[in-house]
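In case you want the letters, here they are:
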Amino acid sequence: AADAATPSMAQAADWDCGLACVQMALLSLDVPPPACSLKQLRARLSSDSVWTADLVYLLASYGIQCEYLTSELSAGASSAEKAGSAFYASSLEADAARVDALFARAASEEGVSIRCCKLGANELWNALRDDDQLAIVLVDGRMLYARAGRPPDGDFEGWRAASARLGPPPPP
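Residues numbered from 1 in each chain as written. Predicted model: local features only at pLDDT ≥ 70, side-chain atom pairs only at ≥ 80, totals over all residues. Heavy atoms only, no water.

Caption draft 1: Highlighting the packing of aromatic side chains. Taken as a whole, this structure holds 1 aromatic pair when the rule is applied. Arranged with centres 6.0 Å apart and planes meeting at 40 degrees, the rings of Tyr 68 and Phe 103 form a pair that is tilted. Within this pair, whereas Tyr 68 is found in strand S1 (residues 66-70), its partner Phe 103 is found in helix H6 (residues 92-105), the two being separated by 35 residues in sequence. Summarising the burial analysis for this pair, Tyr 68 and Phe 103 share the class buried. (Phe/Tyr/Trp six-rings, centres within 6.5 Å; stacked < 30°, edge-to-face > 60°. Helix = DSSP H or I, 4+ residues; strand = E, 2+ residues; numbered from the N terminus. Buried < 20%, exposed > 50% of the residue type's maximum accessible area, 1.4 Å probe, protein only.)

Caption draft 2: Region of the structure containing the nonpolar core. Core analysis: the largest hydrophobic core is formed by 34 residues, its most contacted members being Val 22, Leu 26, Leu 41 and Tyr 62. Put simply, the parts of the chain that give this core at least two residues each are helix H1 (17-28), helix H2 (38-43), helix H3 (52-60), S1, H6, strand S2 (112-116) and strand S3 (133-137). No other element matches H1, which puts 7 residues into this core. In contact with Leu 41, not counting residues within four places along its chain, are Leu 19, Val 22, Gln 23, Leu 26, Cys 36, Leu 58 and Tyr 62. (Core = buried A, V, L, I, M, F, W, Y, C linked by side-chain atoms within 4.5 Å. Contact = heavy atoms within 4.5 Å.)

Caption draft 3: Main features of the pairing of S1. The element S1 is largely enclosed, with a buried count of 5 among its 5 residues. Of the two faces of S1, both are covered, the one formed by Cys 66, Tyr 68 and Thr 70 as well as the one formed by Glu 67 and Leu 69. Where S1 meets S2, 5 bridges bridge the pair, whose relative direction is parallel. Each bridged residue has a counterpart across the sheet, and for Thr 70 the counterpart in S2 is Cys 116. (Pairing = 2+ DSSP bridges.)

Caption draft 4: Region of interest: the packing of H3 against H6. Two elements in contact, H3 and H6, have axes whose closest approach is 9 Å; the angle formed by their N-to-C orientations is 50 degrees. Here H6 runs oblique to H3, going by the angle between their axes. Crossing handedness for the pair H3 and H6: left-handed. Across the interface between the two elements, Ala 53, Asp 54 and Tyr 57 from H3 touch Arg 98, Val 99, Leu 102, Phe 103 and Arg 105 from H6. Within the contact of H3 with H6, the residues separate by chemical class into 5 nonpolar, no polar and 3 charged. (Axes fitted to C-alpha atoms, helices over the stretch in contact; angles between N-to-C directions. Parallel < 35°, antiparallel > 145°, perpendicular 65-115°, else oblique. Left-handed = near helix turned anticlockwise from the far one by under 90°. Nonpolar A, V, L, I, M, F, W, Y, C, P; charged D, E, K, R; others polar.)

Caption draft 5: The arrangement of H1 in detail. The end-to-end C-alpha distance of H1 is 17 Å, a good match for the 16 Å that 12 residues give at a rise of 1.5 Å each. Across the 12 residues that make up H1, a large majority, 11, are buried. Among all positions in H1, only Gly 18, Leu 19, Ala 20, Cys 21, Val 22, Gln 23, Met 24, Ala 25, Leu 26, Leu 27 and Ser 28 are buried. Looking at the buried residues of H1, the elements they touch are H2, H3 and S3. The first or second residue beyond H1 is Asp 30, which carries a positive phi of 70 degrees. (Expected span 1.5 Å × (residues − 1).)

Caption draft 6: Local environment of the packing of H1 against H3. The geometry of H1 relative to H3 is characterised by a closest axis approach of 10 Å and an angle of 25 degrees between their N-to-C directions. As summarised for this structure, H1 and H3 are arranged roughly parallel, according to the angle between their axes. For H1 against H3, the interelement crossing comes out right-handed. Touching Gly 18, Leu 19, Val 22 and Leu 26 of H1 are Leu 55, Leu 58 and Leu 59, all from H3. Classifying every residue of the contact of H1 with H3 by side-chain character gives 6 nonpolar, 1 polar and no charged.

Honestly, that's just the spatial picture; any functional story needs more than this.
What follows is the structure in structure tokens.
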């Protein structure tokens with residue numbers, strides 16, 4: 001089970017928040033620090049552009065069964081949020097085919113489940129009540145402050161969430 005005191009790790013760059021989250025998860029699962037350094041994590045990836053789907057496969061490469069819940073089963077430019085975003089602009093076209101292939105491959109990949117689903121706050125809370133659950137949640141940072149009365153500003157920063165499910169996968 002994940003240690004309740006998940007260590008806090010800093011990002012090395014403005015784009016590697018997901019890798020830092022994976023590193024924290026792995027450390028909380030007692031993976032030795034040298035085996036899950038940011039350098040080691042980057043070396044296991046097939047691309048310099050890291051999407052949440054990449055994080056799921058990265059966790060699975062350490063033997064962790066993962067369930068990735070996403071609001072959209074496509075990385076294509078059809079999403080208005082991504083298509084008009086400077087955050088994705090430089091790599092969206094090249095990444096779309098690679099990431100969509102990861103989505104398609106998930107059904108046959110050991111330890112990886114990707115499905116289209118949105119969780120409300122209560123559903124997320126209930127899913128994490130068990131000690132054997134650990135979640136990595138990547139959100140649009142602008143929206144975190146919008147509820148506090150500040151309007152979102154700046155460019156879109158991300159919107160997908162992944163959870164690491166420790167133990168057997170849920171029944172289909």
